Structures are given as C-alpha cells and as structure tokens.
Amino acid sequence: MAGTEVAYDPDSSRRSQDDTATLIPHSGNLEESSGRGVKTTRFKDDDEVVEITLDVQRDSVGIEDVRAVDDSGSGHGGGFDGLSLVSPSSSRSGKLASKLRQVTNGLKLKNSSNKPQQSQVGKNVRKRLDRSKSGAVVALKGLQFVTAKVGHDGWAAVEKGFNQLQVDGVLLRSRFGKCIGMDGSDEFAMQVFDSLARKRGIVKQVLTKDELKDFWNQLSDQGFDNRLRTFFDMVDKNADGRITAEEVKEIITLSASANKLYKLKERAEEYTALIMEELDPTNLGYIELEDLEALLLQSPSQAASRSTITHSSKLSKALSMRLATNEDKGPFYHYWQEFLYFLEENWKRIWVMTLWLSICIGLFVWKFIQYRHRAVFDIMGYCVTTAKGAAETLKFNMALVLLPVCRNTITWIRSKTKIGAVVPFNDNINFHKVIAAGVAVGVALHAGAHLTCDFPRLLRASDAAYEPMKPFFGEKRPPNYWWFVKGTEGWTGVVMVILMSIAFLLAQPWFRRNRLKDSNPLKKMTGFNAFWFTHHLFVIVYTLLVVHGICLYLSRKWYKKTTWMYLAVPVLLYVSERVIRLFRSHDAVRIQKVAVYPGNVLALYMSKPPGFRYRSGQYIFINCRAVSPYEWHPFSITSAPGDDYLSVHIRTRGDWTSRLRTVFSEACRPPTDGESGLLRADLSKGITESNARFPKLLIDGPYGAPAQDYREYDVLLLVGLGIGATPLISIVKDVLNHIQQGGSVAGTEPEGSGRTKKRPFMTKRAYFYWVTREEGSFEWFRGVMNEVAEKDKDGVIELHNHCSSVYEEGDARSALIVMLQELQHAKKGVDILSGTSVKTHFARPNWRKVFKHVAVNHDNQRVGVFYCGEPVLVPQLRQLSADFTHKTNTRFEFHKENF
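Residues numbered from 1 in each chain as written. Predicted model: local features only at pLDDT ≥ 70, side-chain atom pairs only at ≥ 80, totals over all residues. Heavy atoms only, no water.

An unreviewed UniProt entry annotates the protein as Respiratory burst oxidase homolog protein B originating from Urochloa decumbens. Recorded under Subcellular location (unreviewed entry), the UniProt text for the protein is reproduced unchanged: "Membrane". Per UniProt, the comment on the protein under Function (unreviewed entry) is "Calcium-dependent NADPH oxidase that generates superoxide." (UniProt positions renumbered as here; feature names shortened; annotations may be inferred.)

So this is what it looks like as structure tokens:
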C-alpha cells in the first residue's frame, strides 16, 4: 500500500451538516515506518495538520494513532489514541474530530478491496479487528450468493442455463435467477441483477454471455468484502453510498418475500426502525457500508446455543472418527452390517410376520392335502384344492383383521402387560393393512379357482364322473353356469367380492386423501367420508360370510362348517369395543377455549370427563354431530396429564375438519393484545351467549400410541414435522410439570386402571426439534414455549424451532433475516418468527449433527427418539438411530407415528 495516493471523496461519506470543510492531502503517499506494517499520512485544513498512523495487515486496516501536528512536523499536544479526539475543553478538538471521522470513513470506503475490517466503538476507541479469531467467524459465513443449492456447479452450469434460456443470444432479466440457480426467488434475483448492472452502467434489461460471466465472477467471489459490497449495492439503489430507511424497508420486504415470511413482511416498518435505531443513533437518516458491516460482524449472543454440536469436546472428535466410514472393508461387509441393523431394528415385526405367514401356509397346505384325497379331486382337480386352501386362509384372515383395530384392547395390553416388549403394537394399522392384502390374495385364489375352473369342469364332466357328486349338487347335474351364480353360495360370494373390492380400493391413500384432480368425475366419490362409510360395509360382508360358510356345496356336517368358529371371538371382541365406545362417548365435553391459528389449525380446549386418565402421546377420537353424526376422527392430545383441561390441535386437511373449523370460527372473535391466533373464544369463566352457539363434541379414548412410552428413557429426542408436533408438545409439558414437582415419581395410568400406579419418571433431559414451513405455525404452541423458557431454570428441556421456508444461514437471501433476528433477540429477548424467547433456526436441521450432539452429551444412556409427522423423514432418522447405537456407547431407540 506504500506509495499509493490516498484520495478522499467527501460525498461518499457521512458528515455533519455544519461541517463542509474540504480535507486536502498534505503528504499524499502512505509512508512505511520502522519495518512494521505501519504507515502514516497527513491531511491539512487551513492552519491545522492531522497525521494518521495506520497498521496495515493483509486482511485489515487499523488506526494506530491520530495526532495534530504543526507544519514543521512536531506534535501538537499529545497523541490521540484511536478516535479519542474530543477534548471537553477544546472546541478546536471537536471540529477536528468531526473531520477525522470523515477521513476514516473515506479511507475505509476507498480501500474496500483489500481491507475487510470491522468498526467497534467502545470507550471511543476504534481498533483493528482480527476476524479470524473473533466471534464474528459465524457471521463471515453469511452473504453467500453462491451456496450448496445456488450455482454450486460453477460457471459450466450457468453457461448451460444461458444456452437453454437465451433469446437471440441474450438473457432476459426475468430469467436471470433461474439461470444462476436462484429458483423460487425471482424478485430477489432481479434486484441482484439491477445492482450488478447499475455498477457497470448497464441500462438494458438483457445480458450477453460475457456480461453474465462478469456478473457470475462477482457473485462467486468468496471474499467477504466483495460479498458485503455486492449486498450493499443491491440495497443502495441510487448508488450514493448511503442506505436510507426506505431502502432498508424495501430490502426487508424483499427478503421476507423470498423466504415466505409474510407476517415479518407486514412488520417491515417496525424492523426498519429497529435497524436504523441501532446503526443510525444520531438520526442522520441513513447508514453506510461500515455500519452494515458492524451489524454483520457482531458476535452472536448465543453462538454456543445455536450450534448443535459440541466442538470443544475431545469425545466429539473421537466420536467423529468412530462414525467415519471404513473404506478398507469390502461391499460384502457393508451389506452384512446393513442386514444386522435391519434384524435388530425389525426383529419384532419379523417374528410376527413369520408366524402369520406360517399359519396361512399351514392352513392352506392342510386343506389342500385334505381335498387332494377326496372324490371331488377326480373331477375338479387342483382347482378345488386351491380354492379350498385359499378359503381356509380367508376364514383365518377375516377373523384376524379385526384384532389390530380393537384399540381399547391393544391400549390395555400395552399399558398393563409386558407383551409390548415382543409384539410391535405400534404397527397395528400396518398389520391390519398386511392382513387385508392377505385377504385380497385369498379372495383372488378362491373366487378365481371356483368361477374359472371348478364350475366349468363340473359342467363338462361325464355322467359316470358326476355320480359321486350327486350328494352335493343333486341328482340332476347343474344345467348351466348361471345355476352356480344364482345359488346362495354363489350370490353371497359375488356380493362379498364386490363390497370388499370397493372398500379396499377407497382405502388406498390416493382415494382416501382425495388426491384426484378436480376435473376427475370420481373426485366426489372419494375422500375420508367414502373411506369411512365403505369400510363399515364390513357388517354386511361378515353377515354374508357366515351365510356363505354355512351353505357349502361340499360340506354337509355342521362341525365341518368352521367359518363361524373362526369369527366368533374376534367379532364378539370388536362388538364389545363398539358398545364400550357408545356408552363412554355418550356425554358431551364442555368447551372452554377455542383458537383459530394460521396454517388452518383449530385448537380446542375442553373439560376433562370424570375419571378420564391418559398419558402424554396418546390420542382420542372426536365426533361433532353438527358436522357429521357418524364420523369419528383421531387427534393427538396436546395437554399434559397434570393439566386440568383436555386440548387438541386440529389441522384442516379435508371436508370434515374444514366444516369443524367453520362452525367453531363463527362464534370466535379477533384476538386482543397479547393473545395469539386469528380468532379466539374463551369460555372458561362461565356460560355465555357464544357458548350456546358452539356445537357439542363427543370424545372417545384415550388410545395408545408410540410416543406414550417416553417415560422409560433417560433422554428424549423429540422430532415433530408440522402438525406432527402435537403429541410431542404434550410430552414436553409433562416433563416440565415433573420439573416443577421436583422430579416426582407419580405417574398416572390410562383410563380403565381404576387406580393411580406409582412408577419411576426416568427422563432427565429432553431435546425438542420442531420443523415447520410456515412462520405462523409457531403461534400454535407459543404459550408452551414461553412456559418452558420461564420455568425450566435448569435447562432440562432444550427447544429448537426450525423454519424450513427460510434459506439456510449463510445464504444472501436470508442474511438480513439473520441480522434482524440477532438484533431483535439482543434488544428485546424475543424471536422475530416465533414471538418467544426460543430462537428460531433457519432451514432444516443437520440430523447427523443433532444425533452426535446428543451422543456426546449422554454417553452410556438410553435415548428415546420419537418422531411424528410425514413419512419422508423416517428412513433417515431410523438409519441414524441404528448407526449411533452401534458406533457409540449411547443407545438410540426409534419410534415413529405418521400422520
């Protein structure tokens, strides 16, 4: 830098209104002194000469000393450390300080390419900041225009995009974002385009390939000062070197739109005032590059808590080595390890499926051999043996398919016995579906063999061959094929096949979740209602099945007609369950509070029915006769067992939930100050006119779910996706209640026990990760988060909110959001998205780091991993649980519940 003339443009720097003096370089070159990286220069203004000493490093410029000197070069007065130039007794010094600030700012602006520095004002001393050793390392990773998801394939991919998107050899401004990989942020990308074009004097709305490459070179430059300047230019639309409040508001609005943060967008003016208050304390009406840099480089107040991994621990490093893939071992070893993991994870399912398949195969073979040695085999051959073998498995599966949906029985067994240690009760619905598939196979073999093989062969048989069949089909041979179909055995079988086909088809996710296009004429015939009503056709099916099993062609003795024997116990058990539900859900609960939240979520708070006992993680069925008198829908309980009320949070996803939300919204009002939600109604203080308009609710339950076993674990890792957080919130509240009780061991058994049983509460630590796409979702459980932050003094519960609609930290599109979050949290202790003291993270978590964090902190402990949400995350969490269990001393046990 020595030998370089220092020029200063006063128009590009901040100054006071009454200070318009021009600073004239006295010695225009920076002179190096004493072999150090120290350089000096002088400036003259009328009769005053100022000498500034700079400490020039590779990546920073620091002001070592500023002093007033006379023309002869002697010191005038004492030296001035940094910017300590203002003397209370000297009006001259005040004027000098103002000028020196302009000099400093001018130097910083003119040396932006080799001088990435941070200005810190403290005790009026401005010193050089070593970025590599400060807490600002995290912030320096920000403002990335090229990230892992934007332009990561380099210029080759951008050039390919140009070739695909160009029109007559030029790229339109509207296609710039798509070309560089900034999909979904077109408005933001166009602002980047405008700033780069403005810098180069480009006024046309198109780019040539060479101009695009020039743009790309600047965007892909990883130097922080270059990224900072690019971002500053994007905000500074009139290129005057200053950012006004209006420009700050515009970039906040732009960033909020790019990250789908519409509530933050509505508060852009408030956050603009927050930034201007911080960076423009003297109310000049604008901020400069150095101010923006200071905000970016301020050390995050909670850098430790924001990190999900213990960096300083030696154990963490050792754990990383153990988790590293062993490249020396061959692929066979890898597959063998995967197979062992699979066995350990699924051994309960495997032995149950093996037992079920063995029984089905055994019944089929037994009946097959039995009919192989009967006279009918001589006419119908292997057709009849196949049909009868399939019929025997059908009787077994039609009986068995009822057991997985006997929810009261399953809840009682898993709560009162140890059978759950070997039977995967959590997979009851999946097993129900597997059995239904077995029924479908049995129907295909049985009906297919009869209709396409048995009956035609009997009709074609000779008189001699038909002789042994007379006791079964009559003295006269059946005249035609229709004789078989119109008989009791025939029409009952055909009707059952039709009804079961309809129920099976409409139970498929494509139809049950109503995923057909609006133009499809079948759309009105699908959805949950169609699924629910067609599934209840089983009453007709089972009646016809008993009749079909009595009127058999080839069996005349009553004890050989075994269909009713298979069905008796399961049907009796299921009917008993329905009767219990009918009596238990007879009385309506009293609505206490109602809240309608963003994201189409309805929260209902109701009175606890007498004797109603449950565990966190369980669910109830709700019926609202004003919506539909017959439909019952399951919802997770969000209140804790210790609460004096019962609550559920219902997301609108279909016809029934939409109508439920509508009928409750009609009696609600907009929230007052301090209340969350879009609409609310609080009836807990007594009966009101609004209460009379509320529909009555019936509940049935509680029923067991995977998350109810959380008390058996030392550590909890709770992962909720969207509305899937509902059962986990109940667990968090229950853990918090035990914290307030001093870790008491009193646990409550679910309904039906008739008493309260004491059992240890083993949980000592809980990690809750909630990932949601919408910022409004955080309002659902704002009260719980605030309660945890207020009452959990020992930090037993660690809350992590993640908003996946926001681009990951480091992306330029979310840089201002990160700055706002840090500033808001530092000043007010409130997060800008959740409105709580729990700081929101951006983008999805790095789940491997999450598991590593837990493993490092909880060596030789059992961690219960409970996931609730869409199935998309299940394979990753299950695999990580297996990996960390086998490669660390911490045991992770994975449980899932899909919505």
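Now, onward.
Novice: What is the right way to read the state of the cysteines from this model?
Specialist: A covalent bond between the sulfur atoms of two cysteines is what we call a disulfide. All told, the structure shown has one disulfide when counted by the stated rule. Covalently, Cys383 is tied to Cys453 through a disulfide, its sulfur atoms 1.5 Å apart. Looking down the S-S bond of the Cys383 and Cys453 bridge, the torsion is 40°, so its handedness is right-handed. Within this pair, whereas Cys383 is found in helix α16 (residues 382-400), its partner Cys453 is found in helix α18 (residues 428-460), the two being separated by 70 residues in sequence. For the residue pair Cys383 and Cys453, the accessibility class agrees, reading buried in each case. (Disulfide = S-S within 2.5 Å. Helix = DSSP H or I, 4+ residues; strand = E, 2+ residues; numbered from the N terminus. Buried < 20%, exposed > 50% of the residue type's maximum accessible area, 1.4 Å probe, protein only.)

Novice: Just to check I follow, could you spell out unusual backbone geometry for this structure?
Specialist: The omega torsion of the bond from Gly701 to Pro702 falls at 5°, within 30 degrees of zero and hence cis. Tracing the backbone through its elements, the reader meets Pro702 in strand β16 (residues 697-703). Phi is positive for Asp168, which is not a glycine, with a value near 60°. By secondary structure assignment, the location of Asp168 is in the loop between α3 (155-165) and β6 (171-172). The backbone phi angle of Asn860 is positive, close to 60°, even though this residue is not glycine. By the element assignment, Asn860 lies in the loop between α32 (847-857) and β21 (862-869).

Novice: Is there a simple way to think about the UniProt feature "domain: EF-hand" (unreviewed entry) in the protein in this case?
Specialist: Cross-referencing UniProt, the feature "domain: EF-hand" (unreviewed entry) maps to residues 223-258 in the present numbering. Taken end to end, residues 223-258 is 72% helix and 6% strand, and its two terminal C-alpha atoms sit 24 Å from one another.

Novice: Help me understand the side chain of Gln191, please; the structure alone is not making it clear to me.
Specialist: Relative to the assigned elements, Gln191 resides in helix α5 (residues 186-200). Sequence-distant contacts of Gln191, that is, excluding residues within four places in its chain, are made with Met234, Lys237, Glu250 and Leu254. (Contact = heavy atoms within 4.5 Å.)

Novice: Help me understand the packing of helix α14 (residues 331-372) against helix α33 (residues 874-887), please; the structure alone is not making it clear to me.
Specialist: Axes are the key here: two packed helices are described by the angle between their axes and the distance separating the axes. For the pair α14 and α33, the least separation of the axes is 11 Å and the interaxial angle reads 110°. One way to sum up the angle between α14 and α33 is to call them roughly perpendicular. α33 is crossed by α14, and the crossing has right-handed handedness. On α33, the residues touching Glu338, Tyr341, Glu344, Glu345 and Arg349 of α14 are Arg878, Gln879, Ala882, Asp883, His886 and Lys887. Classifying every residue of the contact of α14 with α33 gives two nonpolar, two polar and seven charged. (Axes fitted to C-alpha atoms, helices over the stretch in contact; angles between N-to-C directions. Parallel < 35°, antiparallel > 145°, perpendicular 65-115°, else oblique. Left-handed = near helix turned anticlockwise from the far one by under 90°. Nonpolar A, V, L, I, M, F, W, Y, C, P; charged D, E, K, R; others polar.)

Novice: How should I be thinking about the packing of helix α17 (residues 407-416) against helix α26 (residues 563-584) in this particular structure?
Specialist: The interhelical angle for the contact between α17 and α26, taken along N-to-C directions, is 90°, at an axis separation of 8 Å. Between α17 and α26, the interaxial angle falls into the category roughly perpendicular. Residue-level inspection shows Arg407, Asn408 and Thr409 of α17 in contact with α26, the latter providing Leu573, Glu577, Ile580, Arg581 and Arg584. The residue inventory of the contact of α17 with α26, partitioned by class, reads two nonpolar, two polar and four charged.

Novice: How do you make sense of α33 when you look at a structure like this?
Specialist: At 3.6 residues per turn, the α-helix brings residues three or four places apart onto the same side. Compared with an ideal rise of 1.5 Å per residue, which puts 14 residues at 20 Å, α33 spans 20 Å between its outermost C-alpha atoms and is within 8% of the ideal. Here α33 has its buried residues at Val874, Leu877, Leu880, Ser881, Ala882, Asp883, Phe884 and Thr885. (Expected span 1.5 Å × (residues − 1).)

Novice: It is not clear to me how the pairing of strand β17 (residues 715-721) should be interpreted in this structure. Could you clarify?
Specialist: Each regular strand carries side chains that alternate between the two faces of the sheet. Counting buried positions over the seven residues of β17 gives six, a clear majority of the element. Where β17 meets strand β18 (residues 765-772), seven bridges bridge the pair, whose relative direction is parallel. Within β18, the residue paired with Val715 across the bridge is Arg765. Where β17 lies against β21, six bridges are found, and the strand directions are parallel. Across the sheet, Leu718 pairs through a bridge with Phe866, a residue of β21. (Pairing = 2+ DSSP bridges.)

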